[in-house]
Amino acid sequence: MGAIERTGMRKKTFDLLCNVGELTSLFQKSTNIKGLLHLTVKIISKHMQTEACSIFLLEGNSQNLVLRATVGLNADMIGKLRLNVGEGITGTSLKESKPICVPRGSEDPHFKYVQGIFEEKYESFLAVPIIQSSKKLGVIVLEDSRPDYYNKHDIRALSAIASQLATFLEHARMLIELRNTTKQRDTSQHTDSKQKFYRGRPTSSGIAMGQAVVVSGSDDSSLLIHVGETEYLESEEDFDSALKKTTDQLKEIQAHLDEKLSEAGSLIFGSHLLMLSDEDFSGSMRRHIRQGLPAAEAVAKVVNEYVNLFINSQNENTQDKIHDVKDLGHRLLRNLAGHDVEDGDYSGQIVIGPNLLPSEIVKLSAQNTEGFVVYGAGETSHISILARSLEVPTVLLSENEFYQHVNGKFLILDAYQGTLIVEPDDELIDRYVALEKEMSSQHKKKVEVENPSTTCSTYDGTTIKLLANINLLSDAKSARRAGTSGVGLYRSEYMYLIRNDFPPEEEQVIIYKKLINEMDPVYFRTLDIGGDKMLSVANIGQEANPFMGLRAIRYSFKHIDIFKTQLRALLRASAHTDLKVMFPLIAGVEDFIKARDITKQAIQELTKEKLTHNSNPSLGAMVELPSAVTMIRQLAQKADFLSIGSNDLVQYILGVDRTNENVADLYSVHHPAVLSAFKRIADVGKTEGCLISVCGDAVAEPAMLTFFIGIGITNYSVDPRMIEVVRSHIDTLDRNEAAAHAKEMLALYTNNEVSEYIKVHLLQ
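Parameters and conventions
- Residues numbered from 1 in each chain as written.
- Predicted model: local features only at pLDDT ≥ 70, side-chain atom pairs only at ≥ 80, totals over all residues.
- Heavy atoms only, no water.
- Pairing = 2+ DSSP bridges.
- Helix = DSSP H or I, 4+ residues; strand = E, 2+ residues; numbered from the N terminus.
- Axes fitted to C-alpha atoms, helices over the stretch in contact; angles between N-to-C directions.
- Phe/Tyr/Trp six-rings, centres within 6.5 Å; stacked < 30°, edge-to-face > 60°.
- Buried < 20%, exposed > 50% of the residue type's maximum accessible area, 1.4 Å probe, protein only.
- Lys NZ or Arg CZ within 6 Å of the ring centre and 35° of its normal.
- Polar contact = N/O pair within 3.5 Å; in protein donor to acceptor, adjacent residues only side chain to side chain.
- Contact = heavy atoms within 4.5 Å.
- Salt bridge = Lys/Arg side-chain N within 4 Å of Asp/Glu carboxyl O.
- pLDDT = per-residue confidence, 0-100.

## Some thoughts on the sheet that holds strand β9 (residues 207-214)
In space, the 8 strands of this open sheet follow the order β7-β14-β13-β9-β10-β11-β12-β8, with mixed pairing throughout. In this open sheet, the two strands that pair with only one neighbour each are β7 (197-199) and β8 (201-204). Across the sheet, the mean angle separating the axes of adjacent strands is 30 degrees when strand polarity is ignored. As defined by bridge partners, β7 adjoins strand β14 (residues 419-422) across 3 bridges and the pair is classed as antiparallel. Bridging from a neighbouring strand, F197 pairs with I421 of β14.

## Details of the packing of aromatic side chains
The geometry of an aromatic ring pair comes down to the distance between the two centres and the angle between the two planes. For the structure on display, the rule yields 13 aromatic pairs. Each ring, one from Y149 and one from Y150, has its centre 5.1 Å from the other, and the planes form 75 degrees; the classification is edge-to-face. For the pair formed by Y149 and Y150, the shared burial category is buried. Taken together through their ring pairs, the aromatic side chains of F557, F563, F583 and F592 make up a single cluster. Positioned over the ring face of Y523 is K580, at 5.7 Å from the centre of the ring. The positively charged end of K594 is found above the aromatic ring belonging to F557, 4.6 Å away from the centroid.

## A closer look at the side chain of T369
Structurally, T369 is set in the loop between α12 (358-366) and β11 (371-374). Reaching out from T369, the side chain makes a polar contact with the backbone oxygen of G371 at a distance of 3.3 Å. When neighbours within four sequence positions are excluded, T369 is seen to be in contact with Y346, Q349, I350, V351, L364 and V392.

## So, the pattern of salt bridges
Considering all chains together, one arrives at 26 salt bridges under this definition. Two residues, R525 and E493, come together in a salt bridge whose shortest N-O distance is 2.5 Å. Placement of the pair is R525 in strand β18 (residues 522-525) and E493 in helix α17 (residues 493-499), with a sequence separation of 32 residues. Its relative accessible area of 5% is what places R525 among the buried residues. With its nearest N and O atoms 3.3 Å apart, the salt bridge here joins R551 to D528. Taken together, the positions of R551 in the loop between β18 and α19 (553-558) and D528 in the loop between β18 and α19 put the pair 23 residues apart, joining distant regions of the chain. Of the two residues, R551 and D528, both sit in the buried class. Salt bridges linked by common partners bring R156, E505, E506, K564, R568, R572, E605 and E609 together as one network.

## Some thoughts on the confidence of the model for the chain
Low-confidence regions, as indicated by low pLDDT, have predicted coordinates that should not be scrutinised in detail. With 80% of its residues at a pLDDT of 70 or more, the chain has an overall mean of 82. When mean pLDDT is taken per element in the chain, strand β19 (residues 580-583) scores highest with 98 and helix α1 (residues 3-18) scores lowest with 43. Counting interchain partners and residues more than four positions distant, the pLDDT-below-50 stretch residues 180-195 has 35 contacts.

Take a look at the structure:
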């Protein structure tokens, strides 16, 4: 095959990765799982320009690979052809969890001849395992009559496609396996709430009003949907209209989400669309209607049957999909009622949930939920940070009784004060409507600064660099609106958290490139999960003390493949610009050298593969552990820069879990031990000529900002919402006066003495 043709093929595979629009179109072209899988292999075959494409899925009960879709092989063998894991090229690929590319299949020792599938005409084979969160799902197989047809670019592209489709294929497999199972449980009604006012902790500011919807609860009945007293259209034609409208809405939301939140990557609403297209799901509803059941009751009946199936499934991933089918049921019912749900199924509703995953928060936000009330999450947890990035009002509440009785009630959520009002009277509603309009008007007045800058200056002319902490690409707009064009901390783990999987290298390259093109400079922090940011697919398991456990760089060292994939993507994305990478939770010089060496290995691999990349990145370390402070001089000699993670450093110096309410009052950034550590880091930065920056909540506290400038630190990174406030305070500071205050604070011995000094001298 000529070079021009091969380049064209690579371009098409890249388009398939980037364009979920074509993938979502699958769901309107078919009405059952078999048809959807067939269209999937057709699209892959077209983009990869190959003669045959097949999907084998692992059957849960037998652990056999079963042919579920194909173009190019005998279609009569779908559902019949079975391979053991390790059998043939296909089975070997899954067993070894790696792609297998064979130039001449008939000469390969793994090749297995199967009579009747018409495979003998093919020479080239490419088998790529479908793996989600270390869980083996199946294999995608390409075949072509031309020998030695596939190359390393095809392997990389098909691997990325397999990852992108993994969630969709897992849902398809799940529905196939659940097909003949039927169980039901009795429903029960919630008791009335006895209390009207609750006080929680605001974590993402704003005001929300709407009907409370509990998305998980303490018993199975809370997971079922109810028709209620609403008037619904009842005919089969009405149902078909509601079904089409629901499909169109979800496709529109998916397209909007793909544009707004690039990190979401794959089909985040794939499970919804798959269910709607499945004849045994929507078809069952239609059959009940033909038998005389009103359309709304048919929807509720089938949805609740599936909820019960999922509840009783032994597959943990299946149980996680309960909310997807509930979402579908509610959306179908609202469309049957003729309610306007163009803005999303959760518009006008406040979502209540004790266990919300980041991926669920993104999904609910995309459907325009008004707000979140979350149980059991700390203020600095991933839920809080993500809600702020998505600009959804959120309150954290630990009062369990609230969750038992609030479902279906009208609720006011005041995420400025942390107040929750159940069934408020008309006077309160009017008051909050007026307040919401006022706050919304103020927010709309904020526009992106025409020429954002990364620098500002103190009153006496000292230049200060002020950058933004961001979690998602969408935060870049907020940063520029606040007046800065640089990112001092990109928390890369949120790309993983909102997807709940490990995105492949190709997708990461796309995301990082977008950010690099929009902001300058960008300091990328490598994957930091563990602690209060748990990723279910990471298989960390339950730890007695997660903040002291397998988190951040420790996880990366234990999973070098995941770590190196991220490093390779960063190096490739920054091929034509500077790259700044910092490693989290570095305990000392040994950790930094190990991370640096793995980065060098990634550079060597990319050079060998002749992939364009940055061969000279700047590498830094997050200073978050007391051991790093002890070794700060040696770290400063090795690293290109150091960044103080103030939130974690305070936590570890004082031994206080910052998410634990029982010891929250012991967490103090003013503690003399903490101030002494900051001073030691700043002094070493000066003597060793190593750039020192501070990122964390401490920067936004005026007294601490004065202290930091006083000890000579001039580089900061804060939440975009705080940039304007921080810049305004910097404008008022004199560096010499700040130094005098810092000296006085460092001379004090107790936390109370420092707090009193701040109160008397710095808060006037």
